[in-house]
Amino acid sequence: MTSSVLKGERLEALLSRLPRKPGVYIMKGNEDKVLYVGKAKNLRARVRSYFRKSGDYRPFVKLLDKLLFNIEFVVTPTEKDALVLEREFISRYQPTYNIDLRDDKSFLSILISGDKPFPRLSLVRSRPSGKEKNPGKWFGPYTSARAARKTIRVIQQVFGLRTCSNRVFMNRQRPCLLFQIHRCLGPCKGEVNAEQYAENVAKAMDLLRGKAKPLLEELHTQMDKASHLMQYEQAASYRDKIKAVRSTVNMGKILMQSLQDADAIGLYREGSSGMLQLLQVRSGRWHGAAQIPFSRTQAPDDDLLRQFVLQHYSPGSYLPSLL
């Protein structure tokens, strides 16, 4: 453990050892406390810029001569890899001086857990951290709580994924009410095998990614087949599922003829205060919007935007095709 502030000859010796390659740097204070995590296309050039008189003007940079005890770095093959690793380190270490633009109280996400063989479907506010061993697959964040809850109900109706906790699931004596009303496949009591359940999980993930067309075609085929066989109750069930899926993908006005998923991020600021605006489009339709205010920050615009992307799109979360 480094026992003194990093400056003078020790600082220069460390800077001279930094490679001119992409990577992530970790600034540490006393007792190995992580102060800041950043990524760089050229580690030597980026880290040196902190110690030039005409360099970075963020408030914490002025304190480095009193707070900085060590700088560690990890070289990556590309700058893109550095961006991914930076996001992971920020999530893991929660650095003191990285900008915090998250608002977990405002955004909901849908989680399909990594439990095997019967993953759980849930609606959650917290985001996965680097310390979690099995965060599963995250979809969102949803800027509209109404849209998130409606999507959960549709997933239950169409695919029957379990929503009970692992403790309840392991100790249940008989299928619950959701099984009786056809909102759960009943994996707790062996009413569905692992293969069929996994198939439904995969289809649910496709729908959550905006791929509704193949599912609708399959449901129409099943409905027509059931109707032809005069299984009218089954056909009605498929009809209701088709309506549910359509209600999910048709919640907003069409904004993009290409029917793609996209997020647009806007920034407005006056001095050290301002607002980030997030607009979401799913399957070409308006999906939601959110505002994230900030204050008392001197970070440049590109750093604000980059930190928002890193924090909002946590590891495991869904990334739209356009951003």
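Above this note sits the structure.
Residues numbered from 1 in each chain as written. Predicted model: local features only at pLDDT ≥ 70, side-chain atom pairs only at ≥ 80, totals over all residues. Heavy atoms only, no water.

1. Re the overall build of the protein chain
Phase 1 of the analysis: Across its full length, the protein chain holds 11 helices and nine strands.
Phase 2 of the analysis: Within the protein chain, the proportion of its 323 residues that are buried is 44%.
Phase 3 of the analysis: A fraction of 64% describes how many contacts in the protein chain between residues 6 or more apart in sequence connect residues 24 or more apart.
Phase 4 of the analysis: Surface exposure of the protein chain reaches about 17900 Å², of which carbon and sulfur atoms provide 51%. (Helix = DSSP H or I, 4+ residues; strand = E, 2+ residues; numbered from the N terminus. Buried < 20%, exposed > 50% of the residue type's maximum accessible area, 1.4 Å probe, protein only. Contact = heavy atoms within 4.5 Å. Areas by Shrake-Rupley, 256 points an atom, 1.4 Å probe, with all protein chains shown as cover.)

2. What about the pairing of strand 7 (residues 262-270)?
Taken residue by residue, a regular strand's side chains alternate between the two faces of the sheet.
Phase 1 of the analysis: Pairing of strand 7 with strand 8 (residues 273-282) involves nine bridges; the strand directions are antiparallel. Paired with tyrosine 268 across the bridge in strand 8 is methionine 275.
Phase 2 of the analysis: Connecting the antiparallel pair strand 7 and strand 8 is a turn made up of two residues, with glycine 271 showing a positive phi of about 65 degrees. (Pairing = 2+ DSSP bridges.)

3. Remarks on the pattern of salt bridges
Phase 1 of the analysis: Under the definition given, this model contains nine salt bridges.
Phase 2 of the analysis: Taking the shortest distance from any N to any O, the salt bridge between glutamate 218 and lysine 203 comes out at 2.6 Å. One end of the pair, glutamate 218, is in helix 9 (residues 213-228); the other, lysine 203, is in helix 8 (residues 194-208), and 15 residues separate them in sequence.
Phase 3 of the analysis: Of the charged contacts in the structure, one is a salt bridge between aspartate 301 and arginine 269, with a shortest N-O distance of 2.8 Å. Here the residue aspartate 301 occupies a position in helix 11 (residues 301-312), and arginine 269 occupies one in strand 7, the gap between them amounting to 32 residues.
Phase 4 of the analysis: Look at aspartate 301 and you get partly exposed, because its relative accessible area is 38%. (Salt bridge = Lys/Arg side-chain N within 4 Å of Asp/Glu carboxyl O.)

4. Details of the sheet that holds strand 3 (residues 70-75)
Phase 1 of the analysis: Taken in spatial order, the three strands line up as 2-1-3 in an open sheet, and their pairing is antiparallel. Strands with a single pairing partner mark the edges of an open sheet, and in this sheet they are strand 2 (34-40) and strand 3. Pairwise comparison of adjacent strand axes, ignoring direction, gives a mean angle of 15 degrees for this sheet.
Phase 2 of the analysis: Looking at chain direction, strand 1 (residues 23-28) and strand 2 are connected through six bridges and run antiparallel. When the sheet's bridge partners are listed, tyrosine 25 is paired in strand 2 with glycine 38.
Phase 3 of the analysis: Seen against the sheet, helix 4 (residues 79-93) touches strand 1, strand 2 and strand 3 and runs at an angle of roughly 165 degrees to strand 2. (Axes fitted to C-alpha atoms, helices over the stretch in contact; angles between N-to-C directions.)

5. What to know about unusual backbone geometry
Phase 1 of the analysis: For the bond running from lysine 116 to proline 117, omega is 0 degrees, close enough to zero to count as cis.
Phase 2 of the analysis: Along the chain, the position of proline 117 falls in the loop between strand 4 (108-112) and strand 5 (121-124).
Phase 3 of the analysis: For glutamate 31, which is not glycine, the phi dihedral falls at a positive 60 degrees.
Phase 4 of the analysis: For glutamate 31, the position within the fold is in the loop between strand 1 and strand 2.

6. Regarding the nonpolar core
Phase 1 of the analysis: By size, the foremost hydrophobic cluster in this structure holds 34 residues, and its most contacted members are Ile112, Ile155, Phe159, Leu161, Leu207 and Val245.
Phase 2 of the analysis: Contributing elements (two or more residues each) for this core: strand 4, strand 6 (137-142), helix 5 (145-159), helix 8, helix 9 and helix 10 (232-249).
Phase 3 of the analysis: Leu11, Phe60, Leu64 and Ile71 belong to the second largest nonpolar core, which has 17 residues in total. (Core = buried A, V, L, I, M, F, W, Y, C linked by side-chain atoms within 4.5 Å.)

7. Section: the side chain of lysine 28
Phase 1 of the analysis: With respect to the helices and strands, the residue lysine 28 is situated in strand 1.
Phase 2 of the analysis: With residues up to four places along the chain from it excluded, the contact list for lysine 28 reads Lys33, Val34, Leu35, Leu67, Leu68, Phe69, Asn70 and Glu72.

8. Some points on the packing of aromatic side chains
Phase 1 of the analysis: Tallied over the full model, the rule gives six aromatic pairs.
Phase 2 of the analysis: Judged by centre distance (5.6 Å) and plane angle (55 degrees), the ring pair of phenylalanine 89 and tyrosine 93 falls under tilted. Of this pair, phenylalanine 89 and tyrosine 93 both sit in helix 4, four residues apart, which is roughly one turn of the helix.
Phase 3 of the analysis: With a relative accessible area of 8%, phenylalanine 89 lands in the buried category.
Phase 4 of the analysis: Grouping aromatic residues by their ring pairs yields a cluster made of Tyr25, Tyr36 and Tyr50.
Phase 5 of the analysis: The residue whose ring lies beneath arginine 162 is phenylalanine 169, and the NZ or CZ to ring-centre distance is 4.3 Å. (Phe/Tyr/Trp six-rings, centres within 6.5 Å; stacked < 30°, edge-to-face > 60°. Lys NZ or Arg CZ within 6 Å of the ring centre and 35° of its normal.)

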